[in-house]
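Observations on the model geometry
Each chain, letter by letter, is given below.
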Amino acid sequence: MPDNQVATQDLKHHFADLEHQKATSTFGMWIFLITEIMFFGGAFAAYLVYRLYYFNAWVAGSQTMEIKLGAINTVVLICSSLTMVLSVHFAKLGKRKLTAICLLLTLLLGCTFLGVKAVEYHGHWMHHEVPGPNFHFEHEGNYDPHQVMIFFSLYFAMTGLHALHMIIGAGLLIWLLIFNARGRFTPEYNTPVEMVGLYWHFVDLVWIYLFPLLYLISHSHNG
Amino acid sequence: MWEHLPLFPARASTMAGHVDALYFALVAIAAFFTFLVSALILFFAIRYRKARNPHATQIHGSTALELLWTGIPLGIVMMIFVWSAVIFFMQTRPPKGAMEVYLVGKQWMWKFQHTEGQREINELHVPAGRDVRMVMTSQDVIHSFYVPAFRIKADVLPGRYTSTWFHATTPGHYHLFCAEYCGTQHSGMIGEIVVMDPVEYDKWAASGVDGSLASAGEKSFQHYGCSMCHRADNAGRGPNLTSVFGHQVLLDDGRTITADESYIRESILNPGAKIVSGFKNIMPTFEGQLSEDEVIGLVAYIKALGNGTANLPLPVSEPNSGAYPVAPKPEGSAAKSDKTATTPEKNGAAKPAARQ
Amino acid sequence: METISHTSQAKPNYLNADYGLKSWLLTTDHKRIGILYLISISVFFVLGGFFAMLIRLELLTPAGDLVLADTYNKLFTMHGVVMIFLFLLPAIPSVFGNFLVPMMVGAKDLAFPKLNLASWYIFMIGAGFIMYSVITGGLDTGWTFYTPYSTTYSNSNVVAAALGVFITGFSSIFTGLNIIVTVHRMRAPGLTWRRLPLFIWAHYATSVIMVLGTPVLAVTIVLVALERLFHFGIFDARYGGDPLLFQHLFWFYSHPAVYIMILPAMGVISECIACFSRKRVFGYDFVAMSSIAIAVLGFLVWAHHMYVAGISTYAALIFSLLTFFVAIPSAVKVFNWTATLYKGSITFETPMLYVFAFIGLFTIGGLTGVFLAAVGIDLHVTDTYFVVAHFHYVMVGGTVTAFLAALHFWWPKMTGKMYPENFSKASALLVFIGFNLTFFPQFLLGYLGMPRRYHAYPAEFQVLNVLSTAGASILAVGFLMPMIYLAWSLQYGKDAGDNPWHAAGLEWKTSSPPPTFNFDETPTVTWEAYNYDEIDAPGGPTHNKGVEVAG
């Protein structure tokens, strides 16, 4: 397919050229990621405030987290970031098949993460650690169970919002797979793959903060 | 006619004059700048209207002018800031030795408790010429204690004590409003502050009272079995509460805090929140078992223990006379008749405390 | 809308480019999306105004005799929610920002046209949720959603309304994102940052706030909804939660949100005052930078809403100090506008009348803000009618006045039609008189101590309340008139020509209404902003019609 045909098909009317269009999209994506940082920032602020208020409860809550599952999920997400980078790379080279494989792997790893998260949630459910009237918590240490409930509230709010972002990301990956199958991505035009890549890395990065803050930081602390 | 169209609120506290003075200064500044800008606009609009000045002269700006009209307002607002900060310190720092009135706000009424024992609803009697500190909490949502004639306002929050103070100057009846929206009858959550002559107030406060707030608290202290563990001889499983209030307390996580009303309240309702160094988290929570009024009684009692106007009671087996103030008793006598204490050390076994 | 184009415009433009409902609902043309927003927010403005009239009627008498207490609480809540989230926040950025930013920077469209259309749909979906809560019994938490009232005690439909506010937030984020990217990446050749109209600077600053602030509100609202639905306890004191944390998070967005409402208004004023005094805006750099300063400082003052809420003395003092700082850039703007008039050649068309009204009312609104910044006074007047008067002076006296200025200034550009000047001047006068009569007495009421959100009040406050209600009825007439004569002008108005005000700015260098892609050829800018000296110079392009392409 000649280059200029691709260009007329993919270039929106209000841009000068494809390069201008891509640079603009990238810039827009970064601005969007800044809003995402502020979005999670609000929840992180709440986390920090209550961690200062209710340190003992935070330690107690943190110590019941399944570190193994969290660690597995961290590895899964880091691997998915790698496959995502590879799919962007192959999309730029115009290798449709390899792009598809990498996107599919990313999607599978993303689903694995969600599956493991579901197992964890189920565990909390079974242990009555879901906030609400039936919340019940017993563990060694000097703490107030009410305050542990706040820990779990923030745990569910933060990981839940993160999981929601993962689900949206999975939807975007499926969309990319369809477009890729139709041959819409070329070495000249692959902006959507790159944008979804930026988004995916951002969502991974949020987990990279959530994991230590919720699981690790107080794990070996002697409450 | 001014009864129907008042333009200025009554001044009935020492704070009112300070706030009004700053207010008038600000009104003067605001009026000056409003008239300055309006006059300039009017003058320019007439002088440089197109009919008279068909061709505009382009001026790009003037850094000197910009600095001038950045600097002058900045100077003015900094002066206002300092002035208002001085007033704010007066408003938020109650003088030592102020008499205290406890307040519980609930949808949609104000409940007051005087330390002398009087209880009131939606009406608060206070003496003129004395400092009064309000210790306030809410049973449900956020309310706000607002007395326009005193120029004071403070939010009343659930789950903690907030405070404000005033020094009423003129006897009379003044509005009390709830200023923070609190639901259906928000506008009905109003009351009256009755400022009385101090002599009459003392008469009023002493009439028909069967014991002070602290003595009511002392009864609760016995009734709920607090005295089993919080013992004057330091032999209980809980800390000795004599001379705690207003002093520094070392916690088991290394922090030091001052024991104020909010801390006492929290320690009763969420005992696990802040553990005193050297003690175990064995006290049961009293959340949902004590009314805010009872908590206030307990706080007042522990406060009285702190300033030496009350003592920890004899162990529960002895009937409480209810008389107040309780005559000081020798400290050693408390330990002997304690039947329930199993381990005399402070770091007793981590089992639930005995409850009555 | 279609009829306009038939009657006079031979040249293809964005209005006659395509017909039918589908061509509007699926459009990605920023100008059509701007019109969609204009229609939507006008409807919400009327609705919010209707709630306001009922509030004022109830307050005519001290007793709560017109509506029940619960109804009254719902009225002021819905007045606030509708006016803030569905009118004031999108009013100028989403209507005029949408319509004008691409044209002012010489672009064919915003950077992301589909996102722009999505933002309108998101706005309407969010509005739908809010309307759902209005219809299913209303909302009674106040627009501030304070916990624990909103999470535990309110019996009204909080979750639907919260969801609505959450969703409209994304529309705001997308509009802001679009404007930032457009200003950065889509400027015409030669249009350097310092040649940008101040309207663009103001919208850029606004968009920064939208992008940084709105997500914090979003997550806060999510936590409120989770707490209400599942008893999470984060803001509930019974579980050790902190209701003040909600206030911190809420005001972290909602104070800067005030600047989302006023900054674009300031941009409008700069455009109009330059045009009708035929002068470059005095101190361009300082006016532009003061917008940025307001956007930055605006994020550091949120807790001045909480002086009496139980924050520490020193925190209150620091926020008080920072609040005084944020007053300065606003003052700088007012002085620069005033100085712009000096040695101008001033005419008094309707937009200019609104500009004069704006400067006067905003000055009062801003200066009474200084009262509130002073903690010592705020302790007395916060949560009273003084605050109500103050923010109406800024929001109505400022933003709505500027919105009307913008509407009258760019109406010929948007529709190609002129409205009847006599009516528009009369309505500007009514708005000014009605506004002052409505809200000035509220300053007095506030200092007297009348708390806000009161359904019934002590009798001594009645005279001032009657004055306020009388003013409100004049104000209502002043607001309804433009709707009528502007609608009338669509059909019967005179043709405006491309540039009836001989205004500077790229948007005036194309035809009215503009063609779909704004410019037949991308312009190259070789002049500074507000080059009225060149426009008015003998032989200058004063009466330029059609597209001017330089270079």
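Residues numbered from 1 in each chain as written. Chains lettered and ligands numbered in written order. Predicted model: local features only at pLDDT ≥ 70, side-chain atom pairs only at ≥ 80, totals over all residues.

**Comments concerning the overall build of chain B**
On a plain count of helices and strands, chain B comes out with 8 helices and 12 strands. Here chain B holds 356 residues, and 40% of them are scored as buried. Taking the intrachain contacts of chain B between residues at least 6 apart in sequence as the baseline, contacts between residues at least 24 apart amount to 67%. (Helix = DSSP H or I, 4+ residues; strand = E, 2+ residues; numbered from the N terminus. Buried ≥ 20, exposed ≤ 12 C-beta atoms within 10 Å, placed from the backbone. Contact = placed C-beta atoms within 7 Å.)

**Comments concerning the confidence of the model for chain A**
Within chain A, residue pLDDT values average 89, and 94% of them lie at 70 or more. In this model residues 1–7 of chain A is a low-confidence stretch, pLDDT under 50, and it forms 7 contacts with partners more than four residues away in sequence or in other chains. (pLDDT = per-residue confidence, 0-100.)

**Things to note about the environment of C:Leu115**
All names here are of chain C. Note on placement: leucine 115 falls in helix H5 (residues 113–135). You can call leucine 115 partly exposed: it has 19 C-beta atoms within 10 Å. Sequence spacing of leucine 115 and glycine 298 is 183 residues, and the spatial spacing of their C-alpha atoms is 27 Å. Setting aside its immediate chain neighbours within four residues, leucine 115 contacts Phe174 and Asn178.

**Some details on the sheet that holds strand S1 (residues 99–106) of chain B**
Residue and element names in this part refer to chain B. One open sheet holds the 5 strands; their spatial order is S3-S2-S1-S5-S8, and the pairing between them is mixed. Edge positions in the open sheet fall to strand S3 (119–121) and strand S8 (162–167), since each of these has one partner strand only. Between one strand axis and the next, the sheet turns by 25 degrees as a mean value, whatever way the strands run. Bridge analysis of strand S2 (residues 109–114) against S3 gives 3 bridges, and the strand direction is antiparallel. Residue pairing for S3: glutamine 113 is matched across the bridge by arginine 119. (Pairing = 2+ DSSP bridges. Axes fitted to C-alpha atoms, helices over the stretch in contact; angles between N-to-C directions.)

**Points about the interface of chain B and chain A**
Of the residues lining the interface, 7 residues belong to chain B; the matching set on chain A comes to 7 residues. Class assignment for the residues of the side of chain B that touches chain A results in 2 nonpolar, 3 polar and 2 charged. (Nonpolar A, V, L, I, M, F, W, Y, C, P; charged D, E, K, R; others polar.)

**Some thoughts on the interface of chain B and chain C**
Contact residues are listed per partner, giving 74 residues for chain B and 79 residues for chain C. The set of elements that each furnish at least two residues to the side of chain B that touches chain C consists of helix H1 (14–47), helix H2 (63–92), strand S6 (143–147), strand S7 (152–156) and strand S9 (172–178) of chain B. Sort the elements by how many residues they give to the side of chain B that touches chain C and H2(B) lands first, with 16 residues.

**A word on the sheet that holds S9(B)**
Residues and elements named next belong to chain B. In spatial order, the strands read S4-S10-S9-S6-S7; together these 5 strands make up an open sheet with mixed pairing. Two strands in the sheet have a free side with no partner beyond their single neighbour: strand S4 (123–127) and S7. On average, each strand axis in the sheet is inclined to that of its neighbour by 25 degrees, with strand direction left out of account. Taken together, the 2 bridges between S6 and S9 define a ladder with antiparallel strand orientation. By the bridge assignment, tyrosine 146 is partnered in S9 with phenylalanine 177. Strand contacts of helix H3 (residues 198–206): S4 and strand S10 (191–196), with the helix running at about 125 degrees to S4, the strand carrying the most contacts.

**A short note on unusual backbone geometry**
At the junction of B:Gln107 and B:Trp108, the peptide bond is cis and its omega measures out at -5 degrees in the coordinates. In this structure, B:Trp108 sits in the loop between S1 and S2. Along the chain, C:Ser512 connects to C:Pro513 via a cis peptide bond; the corresponding omega equals -15 degrees. With respect to the helices and strands, C:Pro513 occurs in the loop between helix H16 (462–492) and helix H17 (532–536). One non-glycine residue, A:His128, lies in the positive phi region at around 55 degrees. Looking at where A:His128 falls in the secondary structure, it is placed in the loop between helix H5 (96–126) and helix H6 (145–181). Despite not being glycine, C:His231 has its phi angle at roughly 55 degrees, a positive value. Looking at the secondary structure, you find C:His231 in the loop between helix H8 (198–230) and helix H9 (243–276). Residue classification places C:His231 among the partly exposed residues on the basis of 19 C-beta atoms within 10 Å.

**Things to note about the confidence of the model for chain B**
Residues and elements named next belong to chain B. On average, residues of chain B score 84 in pLDDT, and 87% of them reach the 70 mark or higher. Across residues 316–356, confidence stays below pLDDT 50; counting only partners more than four residues off in sequence or on other chains, it has 61 contacts. Among the prediction metrics, the complex's ipTM stands at 0.91, with pTM recorded as 0.90.

**Description of helix H4 (residues 213–223) of chain B**
Residues and elements named next belong to chain B. Within H4, 8 of the 11 residues are buried, leaving the element largely enclosed by the surrounding structure. Within H4, burial applies to Leu213, Ala214, Ser215, Ala216, Gly217, Glu218, Ser220 and Phe221. Residues of H4 that are buried in the fold lie against S2, helix H5 (226–229) and helix H7 (292–306). Note on H4: the residue one or two positions beyond its end, glycine 225, has a positive phi of about 80 degrees.

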